[in-house]
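Residues per chain, in single letters:
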Amino acid sequence: MRPALDMARIRAALQESSVTQVIGHERLASTNTEAVAIAQPWALVLAEHQVGGKGRLGRSWSEVPRAGLAMSILVPEPPRAVGWVPLLTGLALHRAVLETTSVVTSIKWPNDVLGPSGGKLAGILCERIAAGVVIGAGLNVDHTLSELPVEGASSLALELGTHAGLDRSALVIAYVQHVDRLLADLTAGGAAAQGVRTAYRKHCATIGASVQVSGAAADHHGPLVALAVDDEGRLVLRDGSGRSFAVAAGDVRHVRMAE
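The model shown is predicted, which means the values in this text are computed figures rather than measured ones.

Visitor: What's the story with the overall build of the protein in this structure? I'm lost.
Guide: Counting secondary structure elements, the protein contains six helices and 14 strands. At 18 Å, the protein has a C-alpha radius of gyration in line with the 18 Å of a compact globule built from 259 residues. A burial count over the protein gives 50% of its 259 residues as buried. Considering only contacts within the protein whose residues lie at least 6 apart along the sequence, 59% involve residues at least 24 apart. When the accessible area of the protein is evaluated, it comes to approximately 11,400 Å², of which 52% is carbon and sulfur surface. In the protein, 23 positive and 24 negative side-chain charges are present, and the distance between their average locations comes to 3 Å.

Visitor: Looking at this structure, how should I read the nonpolar core?
Guide: If you look at soluble globular proteins, the nonpolar side chains tend to sit buried side by side. Membership of the largest hydrophobic core comes to 64 residues, with the highest contact counts inside it found for L44, L139 and Y175. Apart from residues no more than four positions distant in its own chain, L44 is found in contact with L14, V19, Q21, V22, I23, M71, S72, I73, V172 and V176. With eight residues, the next largest nonpolar core counts V45, A70, L74 and V134 among its residues.

Visitor: Looking at this structure, I do not really get the side chain of T105. What am I missing?
Guide: Positionally, T105 belongs in the loop between helix 3 (85-101) and strand 6 (106-108). Take T105: its relative accessible area is 5%, and that puts it in the buried class. Only 2.7 Å separates the side chain of T105 from the side chain of H94, close enough to count as a polar contact. Once you skip the residues sitting within four places of it in the chain, T105 turns out to touch H94, V97, V113, L114 and L121.

Visitor: What am I meant to see in the pattern of salt bridges here?
Guide: Side chains that differ in sign of charge can pair as their charged atoms come close. Throughout the structure, instances matching the rule amount to 11 salt bridges. Linking R2 and D142 is a salt bridge whose minimum nitrogen-to-oxygen distance equals 2.6 Å. Of this pair, R2 sits in the segment before helix 1 (7-13) while D142 sits in the loop between strand 9 (132-140) and helix 4 (156-160), placing them 140 residues apart in sequence. Overall, the relative accessible area of 22% leaves R2 in the partly exposed class. Given a relative accessible area of 14%, D142 falls into the buried group. Note that D239 is salt-bridged to R243, the shortest N-O span being 3.2 Å. In the salt-bridge network here, residues are joined through shared partners; they are R2, D142 and E147.

Visitor: Please explain the confidence of the model for the protein as it appears in this structure.
Guide: Regions with low pLDDT should not have their predicted coordinates read in detail. Here the protein shows a mean pLDDT of 91. Residues at 70 or above account for 91%. Note that pLDDT drops below 50 for residues 56-60; the model gives that stretch 10 contacts with residues more than four away or on any other chain.

Visitor: Sorry, what's going on with the sheet that holds strand 9 here?
Guide: Picture the strands of a sheet paired through backbone hydrogen bonds; they go either parallel or antiparallel. Read from one edge to the other, the open sheet built from seven strands follows the order 1-2-5-9-8-7-6, with strand pairing classed as mixed. A single partner strand is all that each edge strand has here, and the edge strands are strand 1 (21-25) and strand 6. Pairs of neighbouring strands in the sheet enclose a mean axial angle of 20°, with direction left out of account. Against the sheet, helix 5 (residues 168-188) contacts strand 2 (43-47), strand 5 (68-75) and strand 9, and its axis sits at roughly 25° relative to strand 5.

Visitor: What's the story with the packing of helix 3 against helix 6 (residues 190-203) in this structure? I'm lost.
Guide: Packing of helix 3 against helix 6 leaves a shortest axis separation of 10 Å and a crossing angle of 65°. As far as their axial angle goes, helix 6 and helix 3 are roughly perpendicular. Here the hand of the crossing between helix 3 and helix 6 comes out left-handed. Across the interface between the two elements, L87, L88, L91, H94 and R95 of helix 3 pack against V196, A199, Y200 and H203 of helix 6. Taken together, the residues of the contact of helix 3 with helix 6 sort by class into six nonpolar, two polar and one charged.

Visitor: So what exactly am I meant to see when it comes to the side chain of H49 here?
Guide: Checked against the element boundaries, H49 lands in the loop between strand 2 and strand 3 (53-54). Apart from residues no more than four positions distant in its own chain, H49 is found in contact with E26, R27, L28, E63 and P65.

Cut-offs applied
Residues numbered from 1 in each chain as written. Predicted model: local features only at pLDDT ≥ 70, side-chain atom pairs only at ≥ 80, totals over all residues. Heavy atoms only, no water. Helix = DSSP H or I, 4+ residues; strand = E, 2+ residues; numbered from the N terminus. Rg over C-alpha atoms; globule rule 2.2 N^0.38 Å. Buried < 20%, exposed > 50% of the residue type's maximum accessible area, 1.4 Å probe, protein only. Contact = heavy atoms within 4.5 Å. Areas by Shrake-Rupley, 256 points an atom, 1.4 Å probe, with all protein chains shown as cover. Lys, Arg positive; Asp, Glu negative; His and termini not counted. Charge placed at Lys NZ, Arg CZ, Asp CG, Glu CD. Core = buried A, V, L, I, M, F, W, Y, C linked by side-chain atoms within 4.5 Å. Polar contact = N/O pair within 3.5 Å; in protein donor to acceptor, adjacent residues only side chain to side chain. Salt bridge = Lys/Arg side-chain N within 4 Å of Asp/Glu carboxyl O. pLDDT = per-residue confidence, 0-100. Pairing = 2+ DSSP bridges. Axes fitted to C-alpha atoms, helices over the stretch in contact; angles between N-to-C directions. Parallel < 35°, antiparallel > 145°, perpendicular 65-115°, else oblique. Left-handed = near helix turned anticlockwise from the far one by under 90°. Nonpolar A, V, L, I, M, F, W, Y, C, P; charged D, E, K, R; others polar.

This is the structure in structure tokens:
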């Protein structure tokens, strides 16, 4: 049987962070739903087995017990920069994975974390409520190929070629610490916030790629090229006629790398 998260270790490691409480569940429908119900800033909710996880566009999925991470945290909404919260979350996961496993990931705008193979390792869902922004993240850690939730997904174990040494508790700790620091920099504004944006752009594989976008880009024809991520966190695209336009994460259904 896969080992459980070490809740005592996680709580001890996050004592110096902004986290106010760490709530662990062996089985839970959705960590995002639980975080919304608690509505306490910096309350971290973890589930060993999430059976009704929430994704973008109302998608749902079930997780393999103790194979991955399902975690949600309510953070204060940063003034003038809420569009960057989903993006900095992807950056926090990228840094946590690199720090704890040495797997070098990339980010597909806005916040899908991709392994070296190109397979999706993590997905993120952010929900704005009166108390702030609930950040939900799911990371595939110890999954075998047959346990992956969807086609095109991957896991840290598959990227490394081994299940040995994968420490889910260390991943939680590193991820939350990075969210805390990045959000503080984003909220501070100025050079600190620009540093977050620059770091995200460095690891965003979408920038410079030909992409297929459904939703807001329906009126733009021809091949689309992702030019940049602007200071609002929007993806700047150029269409076949040479016109440039920007789309926000909430305006699109899918962004795919073009074949």
